[in-house]
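A structural walkthrough
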Amino acid sequence: MSKEISLLTRENAQQQDLQDEFYPYREEFYLQPGVIYLDGNSLGLMSKRAELKVAELMESWKTYGIEGWTKGEYAWFFLSEKLGEMCAPLVGALSEEVIVSGSTTSNIHQLISTFYKPKGNRTKIVADELTFPSDIYALQSQLKLRGYDPAEHLIQVKSRDGKVILEEDIIAAMTEEVALIFLPTVLYRSGQLLDIQRLTAEAHARGICIGFDACHSIGAIPHTFSDWGVDFAVWCNYKYLNGGPGSVAGMYMNKKHFGIQPGLAGWYSSKKDKQFDMEHTLHVEESAGALQSGTPHVLSLAPIIGSLEIFAEVGIEKVRQKSLHITQYMTDLINQELSGLGFTIGNPSEDARRGGHISLEHDEAVRICKSLVENRIIPDFRPPNIIRLSPIAFYTSYEEVWQTIQTIKTIVTEKHYEKFDNKRNVVS
Ligand SMILES: *Cc1c(COP(=O)(O)O)cnc(C)c1O
C-alpha cells in the first residue's frame, strides 16, 4: 500500500462514524455544541435517561413521602440491591455479590476494615506506588487504626519506568508477611490494565486475600471477578459509567465470604427482614448487602439506573471492542501526525494491557491542556507531564478524535501553548 492510501484523513474518520453502531448513542447524551469532550474517564457526561430517572425519583418522593421506601417502581429500601443486580454483569459477578452504596473512598475503608485480618507475622498490606492517592491514604489510616506503622506495614510495589507496574514485581512482594493486597485494575495515569486473573491466582496460592479498585475500568472493560475468585472490589460510578458527580459507588464481595462481619457495620448491614426489628444484635445480611452502613443516597442512585440501562442494551463486551478500536485509531493518528513534536505515548500498546484512555506525555503538557480547553477540547492533565485523552464508546466520534489530534498538532507546531502559564488549575 502506498503512503497516500494508508493516511488517516477526515473523510476516513467520517466513514468510520457512519459504520459505527454506537454512533446513534451520541443522541442519548448531552454533548455541548462546539465542544469535544475527552474527559469521560474522569466525569462521564449526562445521558437523557439518567436525567429522567432523577426526575422519576424526585417524583416518587413528592408522591409517596415515607411510603416511597417500599412503593413505586424503584422502592428506595431495595434500590441499592437492585442497582447491584444491574451492575453485576459489568463486573462479572452474581447479583448478590454486588451492592451500590457509599463512595469509593468510604468503601475502601469498609472493605479494608472487613478483609484486613492481620495474624501472627502476616500483618502487611501490598499496594503499588503509582495508584490513586485516596487509596493510599485509606490504607495508611486503616493500618494506623490497628496500631501499625504504615512506613513498615504498607508495601508499595515500585514501578521500573514510572509508568507501569510489572505483575512479576507484585508477585515477588507476596511474601509470608502479607495479609492483604489492594491494587487498581487500571492505573489512572498510564492506563495500564493489570492481569487480574494471574494476580488473584498467585495471591491465593500464597493464602493472601486480594481486592481491586476498578474506578478506571468499570464501564470500559469487562471483568470476571466472581469466576476468578477475586475477594473484593470497589469502584465509582461517575467516570465511564456516567452516573453523575458524586454518584453512589459500588462494591463486590465474592460469595465465599458471605456472612462475614462488616468492618464498619450499621443498620443497613442487617438482613432486610430483621432491620426494622430494631434489635441491638446485628443479623448480618448474607450477601454484599452486608457492606452497607446506613440509609442509601436515593437521589444520587437515581442517575445510575438510567446509565446502566444503556449499558445493558449494548453489553460491556461491545463497549470494550469499540473502546479498543477508537483508542487504537487515536494512537495511529498520534503516530501519523505528532511524530517529532516531543510526544510519547505512555500507555501500554497491547490490547490486553491497556484501559480506556490514551496517556499522551509531553514536557509542555500543562500548557497544551490549557490551549486545548481554549479550543473547546476537554482533556485532563495529570502530573508531571500527562495529557489524558479518553474517547468514549458511547459518545465520542472518530471525526472528533481526528479533529483533536489536528488541533494538538497546530497548538504545538505554532506554539499556541506559550501564552499560558505553566501551572495546573485547582481541578485538572
Ligand atoms: C476516581 C478514583 C477515586 C475517587 O474516590 P472518591 O471517593 O470517589 O472521591 C479513588 N480511587 C481511584 C483509583 C480513582 O480512580
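Placed above this text is the structure.
What comes next is a walk through the structure.

1. Some thoughts on the overall build of the protein chain
- Across its full length, the protein chain holds 15 helices and 13 strands.
- Relative to a compact globule of 428 residues, whose C-alpha radius of gyration would be 22 Å, the protein chain shows 22 Å and is just as compact.
- Considered along the principal axes of its C-alpha atoms, the protein chain spans approximately 75 × 55 × 40 Å.
- Buried positions account for 56% of the 428 residues belonging to the protein chain.
- Residue pairs at least 24 apart in sequence account for 73% of intrachain contacts in the protein chain once pairs closer than 6 positions are excluded.
- A total accessible area of about 18,500 Å² is found for the protein chain, and carbon and sulfur atoms account for 52% of it.
- Here the protein chain contributes 42 positively and 55 negatively charged side chains, and the mean placements of these two sets differ by 4 Å.

2. Observations concerning unusual backbone geometry
- The residue after Pro-383, namely Pro-384, is reached through a cis peptide bond having omega 0 degrees.
- Tracing the backbone through its elements, the reader meets Pro-384 in the loop between strand 12 (380-382) and strand 13 (386-389).
- Even without being glycine, Lys-415 reaches a positive phi, approximately 55 degrees.

3. Regarding the layout of surface pockets
- In this structure, the largest pocket spans a volume of roughly 290 Å³.
- Lining the largest pocket are 15 residues, and of these Phe-132, Phe-381, Arg-382, Val-427 and Ser-428 lie nearest its centre.
- For the lining of the largest pocket, the secondary structure elements donating two or more residues are helix 6 (133-145) and strand 12.
- The leading source of residues in the lining of the largest pocket is strand 12, at 3 residues.

4. Some points on the sheet that holds strand 10 (residues 358-361)
- In spatial order, the strands read 9-10-13-12; together these 4 strands make up an open sheet with antiparallel pairing. At either end of the open sheet lies a strand with only one pairing partner, and these are strand 9 (344-345) and strand 12.
- With 3 bridges connecting them, strand 12 and strand 13 associate as antiparallel partners. Paired with Phe-381 across the bridge in strand 13 is Ile-387.
- Of the strands in this sheet, strand 12 and strand 13 touch helix 14 (residues 365-374), which is tilted by about 40 degrees from strand 13.

5. Points about the site of the ligand
- In the region of the ligand, the neighbouring residues are Ser-103, Thr-104, Thr-105, Phe-132, Asp-135, Asp-213, Cys-215, His-216, Tyr-238 and Lys-239.
- Thr-105 places a side-chain nitrogen or oxygen 2.6 Å from an oxygen atom of the ligand.
- Side-chain polar atom of Tyr-238 to an oxygen atom of the ligand: 2.6 Å apart, as the coordinates give it.
- Summarising the interface, the protein chains cover 85% of the accessible area of the ligand, which totals 390 Å² for the free molecule.
- Per-class residue counts for the shell around the ligand are 3 nonpolar, 4 polar and 3 charged.

6. Quick word on the side chain of Lys-124
- The residue Lys-124 is located in strand 3 (residues 124-128) in this model.
- Classification of Lys-124 by relative accessible area gives buried; the value is 16%.
- Aside from chain neighbours lying at most four places away, what touches Lys-124 is Glu-152, His-153, Ile-155, Glu-177, Val-178, Ala-179 and Leu-180.

7. Details of empty space enclosed by the protein
- All told, the structure shown has 1 cavity of 30 Å³ or more when counted by the stated rule.
- Put simply, the largest cavity is a space of about 70 Å³.
- Together, Gly-219, Ala-220, Tyr-240, Phe-311, Val-319, Ser-323, Gly-356, Pro-391, Ile-392, Ala-393 and Phe-394 line the largest cavity.
- Class assignment of the residues belonging to the lining of the largest cavity gives a composition of 8 nonpolar, 3 polar and no charged.
- Taken domain by domain, the lining of the largest cavity gets at least three of its residues from each of domain 1 (10-30 + 315-419) and domain 2 (51-313).

8. Some thoughts on the pattern of salt bridges
- Taken as a whole, this structure holds 26 salt bridges when the rule is applied.
- In this structure, Lys-62 and Glu-59 form a salt bridge, with 3.5 Å as the shortest nitrogen-oxygen distance. Here Glu-59 and Lys-62 lie together in helix 3 (residues 48-64), a separation of 3 residues that amounts to about one turn.
- Judged by its relative accessible area of 38%, Glu-59 is partly exposed.
- Glu-337 serves as the salt-bridge partner of Lys-409, at 2.7 Å between the closest nitrogen and oxygen. Pair noted here: Lys-409 is in helix 15 (residues 398-413) and Glu-337 is in helix 13 (residues 316-337), with a separation of 72 residues, a long-range link.
- Several salt bridges converge on common partners, so that one network encompasses Glu-28, Arg-49 and Glu-313.

9. A closer look at the packing of helix 3 against helix 12 (residues 298-314)
- Where helix 3 contacts helix 12, the two axes come as close as 7 Å, and the packing angle between them is 140 degrees. As summarised for this structure, helix 3 and helix 12 are arranged oblique, according to the angle between their axes. The hand of the helix 3/helix 12 crossing is right-handed. On helix 12, the residues touching Arg-49, Ala-50, Lys-53, Val-54, Leu-57, Met-58 and Trp-61 of helix 3 are Val-298, Leu-299, Ala-302, Pro-303, Ile-305, Gly-306, Glu-309, Ile-310 and Glu-313.
- Counted by class, the contact of helix 3 with helix 12 contains 11 nonpolar, 1 polar and 4 charged residues.

What counts, and where the lines are drawn
Residues numbered from 1 in each chain as written. Predicted model: local features only at pLDDT ≥ 70, side-chain atom pairs only at ≥ 80, totals over all residues. Heavy atoms only, no water. Helix = DSSP H or I, 4+ residues; strand = E, 2+ residues; numbered from the N terminus. Rg over C-alpha atoms; globule rule 2.2 N^0.38 Å. Buried < 20%, exposed > 50% of the residue type's maximum accessible area, 1.4 Å probe, protein only. Contact = heavy atoms within 4.5 Å. Areas by Shrake-Rupley, 256 points an atom, 1.4 Å probe, with all protein chains shown as cover. Lys, Arg positive; Asp, Glu negative; His and termini not counted. Charge placed at Lys NZ, Arg CZ, Asp CG, Glu CD. 1 Å grid on protein atoms, 1.4 Å probe; cavity = no way out; pocket = protein on both sides within 12 Å on 5 of 7 lines; lining within 4 Å. Points joined across faces, edges and corners; volume = space filled by probe spheres on them. Pairing = 2+ DSSP bridges. Axes fitted to C-alpha atoms, helices over the stretch in contact; angles between N-to-C directions. Near = heavy atom within 4 Å. Polar contact = N/O pair within 3.5 Å; in protein donor to acceptor, adjacent residues only side chain to side chain. Nonpolar A, V, L, I, M, F, W, Y, C, P; charged D, E, K, R; others polar. Domains from an automatic or database assignment. Salt bridge = Lys/Arg side-chain N within 4 Å of Asp/Glu carboxyl O. Parallel < 35°, antiparallel > 145°, perpendicular 65-115°, else oblique. Left-handed = near helix turned anticlockwise from the far one by under 90°.

Any link to function would need more than the numbers given here.
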